[in-house]
Amino acid sequence: MLVTTLGYGAAVPNACVAHIQLHRTQGARFHVSGIPWTAGRNAVSRIYAAFECCGLPRLAGAFTLHIRPTDYLKDLTTLDLPIALALLAHAGIVPSEALPRIFSAGEMGLDGQIRPPEGIQNGPESQAPDTLNVDALLLPDGLGRVLAPWGPRGKALRTNHLNQAVAYLTGLQSLPVIATKTRWNERERWHPEDGQQWHGLRLSPLHVKALGIAAVGQLPLLIIGSAGTGKSHMARAFHQLLPGLKAEQFKEVEHAHRAKGIPLSASEKPPLRTPHHQCTAAGLLGTIDQSGTWMPGELSLAHHGLLCLDELCEFSRDCIEALRGPLEGEGFLLSRARQSRVELPKGWIVATSNPCPCGRFNEGPLHCSCTAGRVQRYLQRLSGPVAERFALHMETTTAEAAGAPPVPALHTIREQVASTQDWLSTQPAVQTSPKANRILQQHARTFNTSARGLMHLHAVARLHAAWEQRAGDPVIEIGADDAAFASQMRIFDRPRWWEKPEMP
Ligand SMILES: [Zn+2]
């Protein structure tokens, strides 16, 4: 006969669910598999002593005890209780059919007392697996708080003695439910106002608006400008405009981080990922390894948060090309052998770039030592399909950065982002004035803008109108100013834009 049950597998760095199988046949031997023999023998000796103290029978027979994951668990004393329950099921003391849906944990004293093993309470705890599908978790004081969130709500039961576990499983006694706060209830709140990035910014009102609009519309933003104009600072400050995570969103963020082996405590703070330009395309998108395990990339880790790509031109061509789908908010497929999965990260993407290899092109020919050919080759990586997928192109110069006023208070911008977002979610009607239409059409004609570019142009004009208008109006009215703003924020639509051709 075979009995199976679940236990707590203590391991570093990630604790896991241990699967316990106990088989009994005729004979008188005890075989152990998956854990060291001495650990198995010590556990069984402790358990049998406890059985005797508690007046429980010791069953004869040849047993094979198998524990999975094999050769990985560090502290095996937590498995005393599940092994004891499996032995009692063979003896007919507890129902064997109930045990596969019971998760239990705890070291057993020779008197039958169950306690957490030394060091586990405050140990390297440990991310909960996806909620266990069990009927009950039998946990002693000290482990309850840590392990209760592993199971369904209200199923963790306080079990400090072997007799209590037996009485519960035979229906003689009910056990007190361990009251737990969920991890989310104890989450770290997010106070973006405390961050220093935003306060230190100096930006023109136009650029403040561009950041706000990118935050509202979740539009990818490309910041191009001379070295030392604070592009990276701006990109990181943008993170402070993002809305905090909701419980469901945090779960998704945590899922990706867990797959990558990055511990994450419950927090409302949206992720901020800033991969180095030596990152590979696989590092950006993620991979599936030979065993079919998903290893998320930077895009998935930045889900519901910000992916910040500093010096985009320095990234490999593969990386830049890999961004095409994600920049359009499309999913991408990861596959290997017969395994595949579609990833659809939803986050913000901000990239920065120098305008030329020396970084000082915008300062004028006296400052930049690059030839026209070098500048063109440098920007070629961005030009065309990739740059086009960034909805907003923002240009920064040293002169502008020096003369720019300090930014408005973060909370006013955040409020405006939130109220504009709320308004847009009610899907108000949109009206475009003839003058605005003319500007947009002229932009499209002059620069031979693609359908995608045109779509971005309209989207930005609409968001600009919503940003400038009073939230809650029944209609968003796109005027000439809105269209002009959108046109201004599409510098890569202009061929050889660095020569600054003005619209006729
Ligand atoms: Zn240069």
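Residues numbered from 1 in each chain as written. Predicted model: local features only at pLDDT ≥ 70, side-chain atom pairs only at ≥ 80, totals over all residues.

## Quick word on the overall build of the protein chain
Secondary structure summary: the protein chain contains 18 helices and 20 strands in total. Its C-alpha atoms give the protein chain a radius of gyration of 30 Å, more than 25% over the compact-globule value 23 Å for 504 residues. Its C-alpha atoms give the protein chain principal-axis dimensions of roughly 95 × 50 × 40 Å. Expressed as a percentage of the 504 residues in the protein chain, the buried residues total 40%. Contacts spanning at least 24 positions in sequence make up 74% of the contacts within the protein chain whose residues lie at least 6 apart. (Helix = DSSP H or I, 4+ residues; strand = E, 2+ residues; numbered from the N terminus. Rg over C-alpha atoms; globule rule 2.2 N^0.38 Å. Buried ≥ 20, exposed ≤ 12 C-beta atoms within 10 Å, placed from the backbone. Contact = placed C-beta atoms within 7 Å.)

## A look at the packing of helix α5 (residues 205–217) against helix α17 (residues 451–468)
Put simply, α5 and α17 touch, their axes get as near as 10 Å, and they point 105° apart. Considering the angle they form, α5 stands roughly perpendicular to α17. Residues Lys209, Gly212, Ile213, Val216 and Gly217 of α5 form the contact with α17, whose participating residues are Ala459, Val460, Leu463, His464 and Trp467. For the contact of α5 with α17, the class distribution of residues is six nonpolar, three polar and one charged. (Axes fitted to C-alpha atoms, helices over the stretch in contact; angles between N-to-C directions. Parallel < 35°, antiparallel > 145°, perpendicular 65-115°, else oblique. Nonpolar A, V, L, I, M, F, W, Y, C, P; charged D, E, K, R; others polar.)

## Observations regarding the confidence of the model for the protein chain
Summing up the model confidence of the protein chain, the mean pLDDT is 87 and the portion of residues at 70 or higher is 94%. Within the protein chain, helix α14 (residues 398–403) has the poorest average pLDDT of any element, 77, and strand β14 (residues 306–309) the best, 96. Of the regions scoring below 50 in pLDDT, residues 121–125 engages in five contacts with residues more than four places distant in sequence or in other chains. (pLDDT = per-residue confidence, 0-100.)

## Let's talk about the nonpolar core
By size, the foremost hydrophobic cluster in this structure holds 74 residues, and its most contacted members are Val350 and Leu392. With seven residues, α17 is the largest single contributor of residues to this core. A domain split of this core shows at least three residues from each of domain 2 (192–410) and domain 3 (426–504). Aside from chain neighbours lying at most four places away, what touches Leu392 is Ala210, Ala214, Leu219, Leu221, Leu222, Val460 and Met489. Listed in part, the 51 residues of the second largest apolar core include Ala43, Ala89, Val94 and Ala105. (Core = buried A, V, L, I, M, F, W, Y, C linked by C-beta atoms within 7 Å. Domains from an automatic or database assignment.)

## Some remarks on the domain arrangement of the protein chain
Domain parsing of the protein chain yields domain 1 (2–169), domain 2 (192–410) and domain 3 (426–504). Relative to domain 2, the C-alpha centre of domain 1 lies at a distance of 47 Å.

## Quick word on the sheet that holds strand β9 (residues 156–158)
A sheet is described by the order of its strands in space; here seven strands give the open sequence β3-β4-β2-β1-β5-β8-β9, paired in mixed fashion. For this open sheet the edge positions go to β3 (30–33) and β9, each flanked by a neighbour on one side alone. Here the strands of the sheet are splayed against their neighbours by 25° on average, with no regard to which way each runs. In terms of strand pairing, strand β1 (residues 2–9) meets strand β2 (residues 16–25) through eight bridges, oriented antiparallel. Following the sheet pairing, Leu2 is matched in β2 by His23. The strands touched by helix α2 (residues 80–90) are β1, β2, β4 (62–68), β5 (102–104) and β8 (136–139); relative to β1, the strand with the most contacts, the crossing angle is about 165°. (Pairing = 2+ DSSP bridges.)

## Considerations on the sheet that holds strand β17 (residues 348–353)
Read across the sheet, five strands follow the order β11-β14-β17-β10-β18 without closing on themselves; strand pairing throughout is parallel. Two strands bound the open sheet, and with one partner strand each, they are β11 (272–273) and β18 (392–396). Bridge analysis of strand β10 (residues 221–225) against β17 gives four bridges, and the strand direction is parallel. Considered in β17, the bridge of Leu222 is made with Ala351. Along the sheet, helix α6 (residues 231–238) makes contact with β10, β14, β17 and β18, crossing β17 at roughly 175°.

## Comments concerning the packing of α17 against helix α18 (residues 480–488)
Viewed as axis vectors pointing N to C, α17 and α18 meet at an angle of 130°, and their least axial separation amounts to 8 Å. As judged from the angle between their axes, α17 and α18 are oblique. Here the hand of the crossing between α17 and α18 comes out right-handed. Along its contact with α17, which presents Leu457, Val460, Ala461, His464 and Ala465, the element α18 presents Asp482, Ala483, Phe485, Ala486 and Ser487. Looking at the contact of α17 with α18 residue by residue, the class counts come to seven nonpolar, two polar and one charged. (Left-handed = near helix turned anticlockwise from the far one by under 90°.)

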